[in-house]
Amino acid sequence: MAAEPTSTLTDVELEMLAMERLWWQLAGAKEQRIRGRFAMSATKYYQRLNDLIDRDDALAYDPLLVKRLRRVRAERSRSRLVRRLGIDL
């Protein structure tokens, strides 16, 4: 589970990690929750999330979650590249 917040993560960043940890358990569309909880567009949220999961303090705070999010991001990036290049895997 997550460590105690002894890092330089802000309250908003901690909330973002908490939401990513549990979003599938919450009722309603994720984009609506993002707008309601963080007062930002889904695009802006995902930009900030991508920056966040690249940080060492986020990795130290919740290594399992951050590694999973990095893995998902890498898989999506790889899939986009494969589609763009027309490669059959």
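Presented here is a report on the structure given in the accompanying data block. Everything quoted here is computed from the prediction, not taken from an experiment. (Residues numbered from 1 in each chain as written. Predicted model: local features only at pLDDT ≥ 70, side-chain atom pairs only at ≥ 80, totals over all residues. Heavy atoms only, no water.)

1. Examining the pattern of salt bridges
And then number 1: Evaluated as defined, the whole model comprises six salt bridges.
And then number 2: The salt bridge involving Asp-62 is made with Arg-21; its shortest N-O contact spans 2.8 Å. A residue pair is termed long-range when its members are at least 10 positions apart, and Asp-62 in the loop between α4 (56-61) and α5 (63-85) and Arg-21 in helix α1 (residues 11-22) qualify at 41 residues. Across the pair, Arg-21 and Asp-62 agree in class, each one buried.
And then number 3: Its salt-bridge partner being Arg-55, residue Asp-57 comes within 2.7 Å of it at the nearest N-O pair.
And then number 4: For Asp-57, a relative accessible area of 16% gives the class buried.
And then number 5: Overlapping salt bridges, with partners in common, bring together Glu-13, Arg-55 and Asp-57 in one network. (Salt bridge = Lys/Arg side-chain N within 4 Å of Asp/Glu carboxyl O. Helix = DSSP H or I, 4+ residues; strand = E, 2+ residues; numbered from the N terminus. Buried < 20%, exposed > 50% of the residue type's maximum accessible area, 1.4 Å probe, protein only.)

2. Regarding the packing of aromatic side chains
And then number 1: Evaluation of the coordinates by the stated rule reveals two aromatic pairs.
And then number 2: Where Phe-38 meets Tyr-45, the ring centres are 5.4 Å apart and the plane angle is 35°; that geometry is what we call tilted. You'll find Phe-38 and Tyr-45 in the same group, each marked buried.
And then number 3: Ring centres 5.2 Å apart and planes at 80° place the aromatic pair Tyr-45 and Tyr-46 in the edge-to-face group.
And then number 4: A relative accessible area of 28% means that Tyr-46 is categorised as partly exposed.
And then number 5: An aromatic cluster of three or more residues is present, and its members are Phe-38, Tyr-45 and Tyr-46. (Phe/Tyr/Trp six-rings, centres within 6.5 Å; stacked < 30°, edge-to-face > 60°.)

3. A word on the environment of Val-12
And then number 1: On the secondary structure map, Val-12 appears in helix α1.
And then number 2: Here Val-12 falls in the partly exposed class, since its relative accessible area comes to 32%.

4. Overview of the packing of helix α3 (residues 42-53) against α5
And then number 1: Relative orientation of the contacting elements α3 and α5 amounts to 120°, with a least axis distance of 10 Å. In terms of axis orientation, α3 runs oblique to α5. Every pair of crossing elements has a handedness; the one defined by α3 and α5 is left-handed. Together, Leu-49, Asn-50 and Ile-53 of α3 and Val-66, Leu-69, Arg-70 and Arg-73 of α5 make up the contact between the two elements.
And then number 2: In terms of residue class, the contact of α3 with α5 is made up of four nonpolar, one polar and two charged. (Axes fitted to C-alpha atoms, helices over the stretch in contact; angles between N-to-C directions. Parallel < 35°, antiparallel > 145°, perpendicular 65-115°, else oblique. Left-handed = near helix turned anticlockwise from the far one by under 90°. Contact = heavy atoms within 4.5 Å. Nonpolar A, V, L, I, M, F, W, Y, C, P; charged D, E, K, R; others polar.)

5. Details of the nonpolar core
And then number 1: Judged by nonpolar contacts, the single largest core of 18 residues is most densely connected at Leu-9, Leu-17, Tyr-45, Leu-49 and Leu-52.
And then number 2: Broken down by secondary-structure element, the contributors of at least two residues to this core are α1, α2 (30-38), α3, α4 and α5.
And then number 3: Tallying contributions element by element places α3 first for this core, with five residues.
And then number 4: In this structure, Leu-52 is in contact with Leu-9, Glu-13, Met-16, Leu-17 and Ala-58, ignoring residues within four places of it in sequence. (Core = buried A, V, L, I, M, F, W, Y, C linked by side-chain atoms within 4.5 Å.)

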